[in-house]
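Below, each chain spelled out in residue letters.
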Amino acid sequence: MKHCAIQKQEKNLLFLSAGRRVELVRLFRQARDRLGISGSIVTVDAGEDAPAAFFSDRHHPISRVTAETYVKELIHICLLERISLIIPTIDTELLPLALNRQQIERETGARILLSSTELIQSCRNKYHTARLLEEKGFLTPRTLSYDPRGEYEFPLFIKPMDGSSSINAFPVKNQEELDFFVRYIPGYILQEYVEGREYTVDILADFRGMPLYIVPRERLATRSGEISKGRIAKDPEIIGLMKELTKAIEPAGPITVQGIRNHDGFHIIEINPRLGGGAPMSIAAGARIPEKIYGLAAGLPAEPPIYDEDYEDGLRILRFDASVCIDGEGRVRHV
């Protein structure tokens, strides 16, 4: 990476919905310092007392992405902080950002690290994701229609069409459970149940859809839909498949692919076009994702894009909670 080109001007990054993403903020600050870049890590969040706010250089409160004033507030913060790159972190903000991308980028001069509106729309609707994967020739669970008198081969799997973080996502063991869940979950998608080893793949592409990093991680344990224990798996078959996927869908910036591997092959379950909650695991293994993102903020890499697999295979990573303590005057007493 051309460090000197990045160092020539200030590069301020804005993380949206920072929340509990302390690991991510810390890793980007460390990358900035290693590169010798002049710039700040800025965070925003709609909730009060976001832990990541105490690890960024500056933090601003902002309305929820559904508020009418959200875009105006975001533009104001970007201008105030001279933001170079806006980095989304949650699913619900992706489509509003994509639909308002032209206005935000035109008025602020910042770029949003986000795929095309068409890809966002496909990924935010699980039915459309399944159709896209089928059309492109990738293995994915078969989608089924609900019939109270149907003869199904159980177990099945049901989840919200636009869900995230495994909320209201359930295996279905029999017809009685199926009849209940189709009433309980509004806007569901019903699919065949696939058993096997679960993987998450962190992919970073440049703004032309060319992959810069592909890091598969086996999901050993999860909590609230996010990986808590994982193992880096530099698997040539999975990496090759993900190269085919990036060529087929042409993402921009980060995408997170969820999949299950069994004797039939690698089943792609979901595509989330953002940095995944477990991305710090890939970075801890040596994937220089923050450095590459700083390169994107500076208009790099130059032709051709530099693809990298220089990270540690087999590394097990165990995540845990930590605390930020704030006294009655609002001062951080212990981190």
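Details of the structure are given in the entry above.
Rules and cut-offs
- Residues numbered from 1 in each chain as written.
- Predicted model: local features only at pLDDT ≥ 70, side-chain atom pairs only at ≥ 80, totals over all residues.
- Heavy atoms only, no water.
- Pairing = 2+ DSSP bridges.
- Helix = DSSP H or I, 4+ residues; strand = E, 2+ residues; numbered from the N terminus.
- Contact = heavy atoms within 4.5 Å.
- Axes fitted to C-alpha atoms, helices over the stretch in contact; angles between N-to-C directions.
- Core = buried A, V, L, I, M, F, W, Y, C linked by side-chain atoms within 4.5 Å.
- Buried < 20%, exposed > 50% of the residue type's maximum accessible area, 1.4 Å probe, protein only.
- Phe/Tyr/Trp six-rings, centres within 6.5 Å; stacked < 30°, edge-to-face > 60°.
- Lys NZ or Arg CZ within 6 Å of the ring centre and 35° of its normal.

Student: Mind laying out the sheet that holds strand E7 (residues 156-160), listing which residues take part and the relevant values?
Tutor: Within a sheet, each strand pairs with its neighbour through backbone hydrogen bonds, oriented either parallel or antiparallel. Strand order in the open sheet formed by 4 strands is E6-E9-E7-E8, with antiparallel pairing between adjacent strands. Looking along the sheet, the strands with just one partner apiece sit at the ends: strand E6 (143-144) and strand E8 (170-172). Relative to E8, E7 runs antiparallel, the two sharing 3 bridges. Looking at the pairing, Leu156 lines up with Val172 of E8. Of the strands in this sheet, E6, E7 and strand E9 (188-192) touch helix H7 (residues 126-135), which is tilted by about 40° from E9. Lying on the sheet, helix H8 (residues 175-184) is in contact with E7, E8 and E9; it crosses E8 at an angle near 145°.

Student: Tell me about the nonpolar core, residues and numbers included.
Tutor: Counting residues in hydrophobic clusters, the biggest one holds 56 residues, and the most contacted among them are Leu13, Phe28, Ile87, Met242, Leu245, Ile268 and Ile293. Once residues within four sequence positions are removed from consideration, Ile268 is found in contact with Leu133, Phe138, Leu139, Thr140, Pro141, Met242, Leu245, Val257, Gln258 and Gly259. In terms of nonpolar packing, the next biggest core, distinct from the first, is built from 22 residues, Val65, Cys78, Ile86 and Ala110 among them.

Student: So what's going on with the packing of aromatic side chains? Which residues, and what values?
Tutor: According to the stated counting rule, one finds 9 aromatic pairs in the structure shown. A centroid spacing of 6.3 Å and a plane angle of 35° characterise the contact between Phe157 and Tyr193, whose relative ring orientation is tilted. With Phe157 in strand E7 and Tyr193 in the loop between E9 and strand E10 (197-205), this pair connects stretches of sequence that are 36 residues apart. Residue Phe157 is classed as partly exposed on the basis of its relative accessible area, which comes to 24%. Arranged with centres 5.3 Å apart and planes meeting at 65°, the rings of Phe180 and Phe181 form a pair that is edge-to-face. Judged by its relative accessible area of 42%, Phe180 falls in the partly exposed class. Among the aromatic residues, those joined into a cluster by ring pairs are Phe170, Phe180, Phe181 and Tyr184. The lysine or arginine in question, Arg111, covers the ring of Phe207, its NZ or CZ lying 3.7 Å from the ring centre. Residue placement shows Lys234 over the ring face of Tyr311; its charged tip is 4.6 Å from the ring centre.

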